[in-house]
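Chain by chain, the residues:
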Amino acid sequence: MDSFAVPRPATTATTTEDDLPAGIASLLGAAPGPPSRRFLSHLLYGDADASRPHTAFADRRQIETALKAGEDPLLYEAYRDVASTRHGWRADLVVYQPGTLPDGQPHRSIGHWNPPTQLEIFQTLSGTTLMLVAGHRPDGSRYAHQVTTRAGDLAVVPFGAWHLTYVLDGPAAVFNIYTDIHLDPDDAYPRLDDAKYQRAAAPGLVVVRDGDTEHPLSVTADSQREYGPPTALPVPAWLASWPLATRLPDLHRDAPMTSLAALVRAALATEILRGPA
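Quick notes on the rules
- Residues numbered from 1 in each chain as written.
- Predicted model: local features only at pLDDT ≥ 70, side-chain atom pairs only at ≥ 80, totals over all residues.
- Heavy atoms only, no water.
- Helix = DSSP H or I, 4+ residues; strand = E, 2+ residues; numbered from the N terminus.
- Polar contact = N/O pair within 3.5 Å; in protein donor to acceptor, adjacent residues only side chain to side chain.
- Buried < 20%, exposed > 50% of the residue type's maximum accessible area, 1.4 Å probe, protein only.
- Contact = heavy atoms within 4.5 Å.
- Phe/Tyr/Trp six-rings, centres within 6.5 Å; stacked < 30°, edge-to-face > 60°.
- Salt bridge = Lys/Arg side-chain N within 4 Å of Asp/Glu carboxyl O.

Enquirer: If you had to explain the side chain of Arg209 to someone new, which residues and values would you point to?
Expert: With respect to the secondary-structure elements, Arg209 resides in strand E9 (residues 205–209). Looking at Arg209, its side chain comes within polar contact range of the side chain of Thr100, at 3.0 Å.

Enquirer: I'd love a proper account of the environment of Arg60, names of residues and values included.
Expert: By secondary structure assignment, the location of Arg60 is in helix H3 (residues 60–68). For Arg60, a relative accessible area of 36% translates into the label partly exposed. Through-space distance from the C-alpha of Arg60 to that of Pro102 is 9.2 Å; in sequence the pair is 42 residues apart. Apart from residues lying up to four places away in sequence, Arg60 is in contact with Leu44 and Thr55.

Enquirer: Break down the packing of aromatic side chains for me, with residues and values.
Expert: Applying the stated criterion to the full structure yields one aromatic pair. The interplanar angle of 45 degrees and the centroid separation of 5.3 Å between the aromatic rings of Tyr76 and Tyr96 together place this pair among those described as tilted. With a gap of 20 residues between them, Tyr76 in strand E2 (residues 74–86) and Tyr96 in strand E3 (residues 89–96) connect regions that are remote in the sequence. Judged by its relative accessible area of 5%, Tyr96 falls in the buried class.

Enquirer: Explain the pattern of salt bridges to me, using residue names and the numbers behind them.
Expert: Applying the stated rule across the entire model yields ten salt bridges. For the salt bridge of Asp250 with Arg247, the shortest nitrogen-to-oxygen distance reads 3.8 Å. When the shortest N-O distance is used, the salt bridge between Asp250 and Arg253 registers 3.5 Å. Separated by three residues within a single helix, Asp250 and Arg253 lie in helix H5 (residues 248–254), roughly one turn from each other. Several salt bridges share partner residues, and in doing so they unite Arg247, Asp250, Arg253 and Asp254 into one network.

Here it is in structure tokens:
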């Protein structure tokens, strides 16, 4: 059995509210509590009281060697429920720190599979991010997508898909809203993501920096034959029916219940609820 202890987080320079645009600092100031801080060690071990996450690496040994040497940089700070829940919609804000992991990956999230009934929309508020998405089609075949987002850009995760976020230019602040769709209107709104990091094994897809330049990237895939090379993340047709003239945080705060309900109906009319096979 692996008895390697989780290293204590090393002292790391972090982004302060003064480093972020005023609108983002305002969101952080209104957060109901402190953020969850995620370090390199969390990619391997998760939290002390939880099962290990399913995480793919370009070279796992390089990660383990860095941790044994005491290298455990802060990757991101996650402000869960950063704004009040509205009509079953929750909102999070994640601030990613810039950097490169020992195996060549940019700093990243842990990655997880969404529940098959969860509708989730992301908007990058500052910096530049790359989202890697993978999943299963109705016929059982698999797909992989990627999308680079800058301030103001949106990304929609297909129902039941796996996804992770990389920071290309940081600090990068990413706001997301999500809801768990209930086909029975009398259902309550439980939070379904408690075990999302253990729902299924992560696809063997990772992004690594290519050479010494800051932006060129390449994707490595242990499961290349299963998922194929990542293509551009599709923009769902139903998104065009939603008013997107303002920022996602403003829409979450101000959109009436009828508009949010119409969004869910439009998504259900064109998407299929599905999860990992």
